[in-house]
Amino acid sequence: MAGIDAFLRGMSHNMDYFGSLTTGAKSLTEAEKSGRSTEHLDFGVAAMCASCNQTIIPPKKLLRCAACKAVIYCSKECSERDWNVGTALKKLGTHKEFCPINKSHMARHGETQAILTQFPWGRLETDGTFNDYVARGRFGVLGGSDYGFWSHRGGLMPHNFGTEELKTLVENETYAKILTPFFATFDHLDGKDLLKEDHLSDVDGWKLETRLIPYRQFPSASKRPQIVTEFHRRISNWESWYEWRGLSKESPAALLMSFPLSAYWLVTHCLQLTRASAGRPEKRVPLHLHVIGAEVELNYLPLFSELALLLPYHDIKLVLFGPSVEKLVAIAKNAHRLSLAGKSSSSTPVFAYEAPKECGSGRIEIYLHGASSLWGPEMLSAANEYGGRPDGVIALNAGLGAHRTWVPVIQSIHRAVMPFAITEYTEHSCGIQRATFPQIVRQINAQPMKEYPIELNPFQRPGQRGVPCFRLPNIVNGFTMVVCRPEP
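Predicted, not measured: the structure shown is a model, and the values here were computed from it. (Residues numbered from 1 in each chain as written. Predicted model: local features only at pLDDT ≥ 70, side-chain atom pairs only at ≥ 80, totals over all residues. Heavy atoms only, no water.)

### Examining the overall build of the chain
What counts is decided by this rule: Strands here are runs of E lasting at least two residues and helices are runs of H or I lasting at least four, both read from the DSSP assignment and numbered beginning at the N terminus. Accessible area is worked out with a 1.4 Å probe on protein chains only. A residue is then buried under 20% of its type maximum, exposed over 50%, and partly exposed in between. Throughout, a residue-residue contact means that at least one pair of heavy atoms, one from each residue, lies within 4.5 Å. Accessible surface area values rest on a Shrake-Rupley calculation with a 1.4 Å probe, where residue burial reflects the displayed protein chains alone.
Broken down by element type, the chain carries 16 helices and 10 strands. Within the chain, the proportion of its 488 residues that are buried is 54%. For the chain, contacts bridging at least 24 residues in sequence account for 71% of all contacts bridging at least 6. Of the roughly 21,700 Å² of accessible surface on the chain, a fraction of 52% belongs to carbon and sulfur atoms.

### Considerations on the packing of aromatic side chains
This is how the line gets drawn: Each Phe, Tyr or Trp ring (for Trp, its six-membered ring) is paired with any other whose centre lies within 6.5 Å, and the angle between the two planes then decides the class: stacked below 30 degrees, edge-to-face above 60, tilted in between. Look at NZ for Lys and CZ for Arg. If either is within 6 Å of the ring centre and within 35 degrees of the ring normal, a charge sits over the ring.
The final tally for this structure, using the stated rule, is 17 aromatic pairs. Note on Trp406 and Phe420: the rings are 6.1 Å apart at their centroids and 25° apart in plane angle, and the pair reads as stacked. Taken together, the positions of Trp406 in helix α15 (residues 406–416) and Phe420 in strand β8 (residues 420–424) put the pair 14 residues apart, joining distant regions of the chain. A connected cluster of aromatic rings, assembled from ring pairs, spans Phe119, Trp121, Phe130, Trp238, Trp241, Tyr242, Tyr264, Trp265 and Phe459. Cation over ring: Arg245 sits above Trp244, and NZ or CZ is 5.9 Å from the ring centre. Positioned over the ring face of Tyr425 is Arg465, at 3.9 Å from the centre of the ring.

### Remarks on the packing of helix α4 (residues 95–106) against helix α16 (residues 427–442)
Note the cut-off: Here an angle of 0 to 180 degrees is reported between the N-to-C directions of two axes, which are lines fitted to C-alpha atoms, with helices fitted over the stretch in contact. Note on terminology: angles under 35 degrees are roughly parallel, angles over 145 are roughly antiparallel, angles of 65 to 115 are roughly perpendicular, and the others are oblique. The hand of a helix crossing depends on one turn: near helix anticlockwise from the far one by less than a right angle means left-handed, and clockwise means right-handed. Each residue is assigned to one class: nonpolar for Ala, Val, Leu, Ile, Met, Phe, Trp, Tyr, Cys and Pro, charged for Asp, Glu, Lys and Arg, and polar for all the others, Gly among them.
Put simply, α4 and α16 touch, their axes get as near as 10 Å, and they point 130° apart. With respect to each other, α4 and α16 are oriented oblique. The element α4 and its partner α16 pack so that their crossing is right-handed. The residues of α16 that touch α4, namely those facing Phe98, Ile101, Asn102 and His105, are Glu427, His428 and Ile432. Here the residues of the contact of α4 with α16 are counted per class, giving three nonpolar, three polar and one charged.

### With respect to the packing of helix α10 (residues 238–245) against helix α11 (residues 254–270)
For any two helices packed against each other, the geometry comes down to the angle between their axes and how far apart the axes lie. The geometry of α10 relative to α11 is characterised by a closest axis approach of 12 Å and an angle of 100° between their N-to-C directions. Here α10 is positioned roughly perpendicular relative to α11, judged by the angle of their axes. Only Ala254, Met257, Ser258 and Leu261 of α11 make contact with α10, whose side of the interface consists of Trp238, Trp241 and Tyr242. Grouping the amino acids of the contact of α10 with α11 by side-chain chemistry returns six nonpolar, one polar and no charged.

### Comments concerning the sheet that holds strand β3 (residues 285–292)
Note the cut-off: When DSSP finds two or more bridges between two strands, those strands count as paired.
Strand order in the open sheet formed by eight strands is β5-β6-β4-β3-β7-β8-β10-β9, and the pairing between neighbours is mixed. Looking at which strands have only one partner, the edges of the open sheet turn out to be β5 (351–354) and β9 (454–456). Averaged over all adjacent pairs, the angle separating strand axes in this sheet is 20°, with direction ignored. Here β9 pairs with strand β10 (residues 479–484) via three bridges, running antiparallel. Considered in β10, the bridge of Ile454 is made with Met481.

### Structural notes on the pairing of β8
Among the five residues in β8, five count as buried, and that is most of the element. Along β8, one buried face is formed by Phe420, Ile422 and Glu424 and the opposite face, lined by Ala421 and Thr423, is buried too. Sheet topology places strand β7 (residues 392–395) next to β8; three bridges connect them, and they run parallel. The residue of β8 that forms the bridge with Ile394 is Ala421.

### Here's the deal with helix α13 (residues 323–335)
Residues lying three or four places apart along an α-helix face the same way, a consequence of the helix completing one turn every 3.6 residues. Note the cut-off: What a helix should span is 1.5 Å times the count of its residues minus one. Within this analysis, the arc is defined by the directions that extend from the helix axis to the C-beta atoms.
The terminal C-alpha atoms of α13, which comprises 13 residues, lie 18 Å apart, in line with the 18 Å expected from a rise of 1.5 Å per residue. Buried within α13 we find Ser324, Val325, Leu328, Val329 and Ala332. Projection of α13 onto a plane perpendicular to its axis shows the buried side chains occupying an angular sector of 125°, all on one side. Exposed residues pointing more than 90 degrees away from the buried face of α13 are listed as Asn334 and Ala335. Structurally, α13 contributes buried residues whose contacts are with β4 (314–321), α14 (340–343) and β6 (363–368).

### Side note on the confidence of the model for the chain
Selection criterion: The predictor's confidence in any single residue is recorded as pLDDT, a number from 0 to 100.
Per-residue pLDDT for the chain has a mean of 90; in total, 89% of the residues score no lower than 70. Across residues 10–14, where pLDDT falls below 50, the model places four contacts with residues more than four positions away in sequence or in other chains. Below pLDDT 50 for its whole length, residues 162–167 participates in seven contacts with residues either more than four positions away or in separate chains.

### Some thoughts on α10
Convention followed: For the purposes of these results, a polar contact is taken to be a pair of N or O atoms within 3.5 Å, where, inside protein, one atom must be able to donate a hydrogen and its partner to accept one; residues adjacent in sequence count only when each atom of the pair is a side-chain atom.
Burial runs high along α10: six of the eight residues are buried. Buried within α10 we find Trp238, Ser240, Trp241, Tyr242, Trp244 and Arg245. At the N-terminal end of α10, a side-chain oxygen is found 3.3 Å from the backbone nitrogen of Glu239, two or three residues along, and the residue is Asn237. Once α10 finishes, Gly246 follows within two positions and takes phi at roughly 70°, a positive value.

### A few points about the side chain of Gln460
Tracing the sequence through the fold places Gln460 in the loop between β9 and β10. A polar side-chain atom of Gln460 sits 3.1 Å from the main-chain carbonyl oxygen of Asn457. Reaching out from Gln460, the side chain makes a polar contact with the backbone oxygen of Gly478 at a distance of 3.4 Å. With sequence-adjacent residues up to four places away left out, Gln460 is seen in contact with Thr112, Ile115, Trp238, Ser258, Ile475, Val476, Asn477 and Gly478.

### Considering the environment of Leu309
Among the structural elements, Leu309 can be located in helix α12 (residues 306–310). When the C-alpha atoms of Leu309 and Arg363 are compared, they prove to be 8.3 Å apart, with 54 residues separating the residues in sequence. When residues no more than four places from it in sequence are discounted, the contact partners of Leu309 are Phe218, Val228, Trp244, Arg245, Tyr353, Ala355, Pro356 and Cys359.

### Structural notes on the side chain of Arg123
The residue Arg123 is located in the loop between α5 (109–117) and α6 (132–138) in this model. Engagement of the side chain of Arg123 in a polar contact is seen with the side chain of Glu125, the distance being 2.8 Å. Discounting chain neighbours no more than four positions away, the residues touching Arg123 are Leu28, Glu32, Thr38, Leu41, Asp42, Phe43, Leu116, Thr129, Phe130 and Arg138.

As structure tokens, then:
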């Protein structure tokens, strides 16, 4: 408990979490502009021993596994214990078993760091991590609610933890009681802006200088991209997307656009359900997708209009599922009936958009499934309430290995041979999940796939997440994995 004790002690001095980071970000920007040293401004994470969970505070030096360089320890004794017995990963195996795999995954760092450092705001901290809150703070868009598309449940509470989840997280009821009111200071209802009667405009949503905004409602022809099929190259990474959009890489748009663009990549590259050139004015392409586990995406649904720009002459339908969706719809139906979410239904989208004719007239409609928190196999029926069987299913930052509720989903997907692809934070977790699929699928006498491809996602949110015990590439939407795809 030593690491948690230190964490709790530090919390009392850091209640203005967002404000202090914004101040630090502004100081960093000023120092960079004036040419002053920025060495004293380090926004990395405090290292923690993977074996005993003790925070490693200077002058004590941290140790890393000499072979894989991925795992952090406070002492040789802890290193040896983890090697032979296993601690942080004891449910999965010892470090001795994972070390060779870790080493291969660590080779990805060159690629992932290059994705980050192409941006002026993409600063590597001394521990190799990227503090996206500091990046937001540079632009004055760091906060909980009322920050437009940047609004989020953040701070030290990035996900929707309840009291029971907090108890499990710290394995101590006393700590959970302390953490609950602290985490409440960071709380934010995902999709809160959908409790209003109108969607945020581009300017009100992005809250950036106009030259840094990737518009959906174009104020002039100069802000509008050419139809994507006439662009000189395929949109296949951040470099090509920024060029097509006419945006300077000074824009922090990639920090949010990672979600719609990862969805685009899953659909067009991983599952190969369609391509930008598939539609024509005289022959539009319908594309019906289910998105499982939607959470932070609810804060910036209008950004998914990008799919209509990237897929000309397509009619796209997204249906969103998950506990956060159910919670938002319940609040809307109870207290905000005239809001966007309150008026939404299986026949009324919460968001709709049509791209300009010059961009290919792509259309997208987004629906909220508020009837239940989980996606079920009945959603694969041709008679489901959203207009029939979907063409594919996707999930962003899925966490297949973290939630038992994914098991029946994986089984149903395989039984129906439904195209399904996900993004995950780490290649390591993808590999662990992939190894379990054959056993999970054979439990229902279904046939597993011959392979489950795992790839680096070119539209990952730039930058390594701060994880105290490990240095494995760990990135929002970092890696893609095909969970099911019909054989050619």
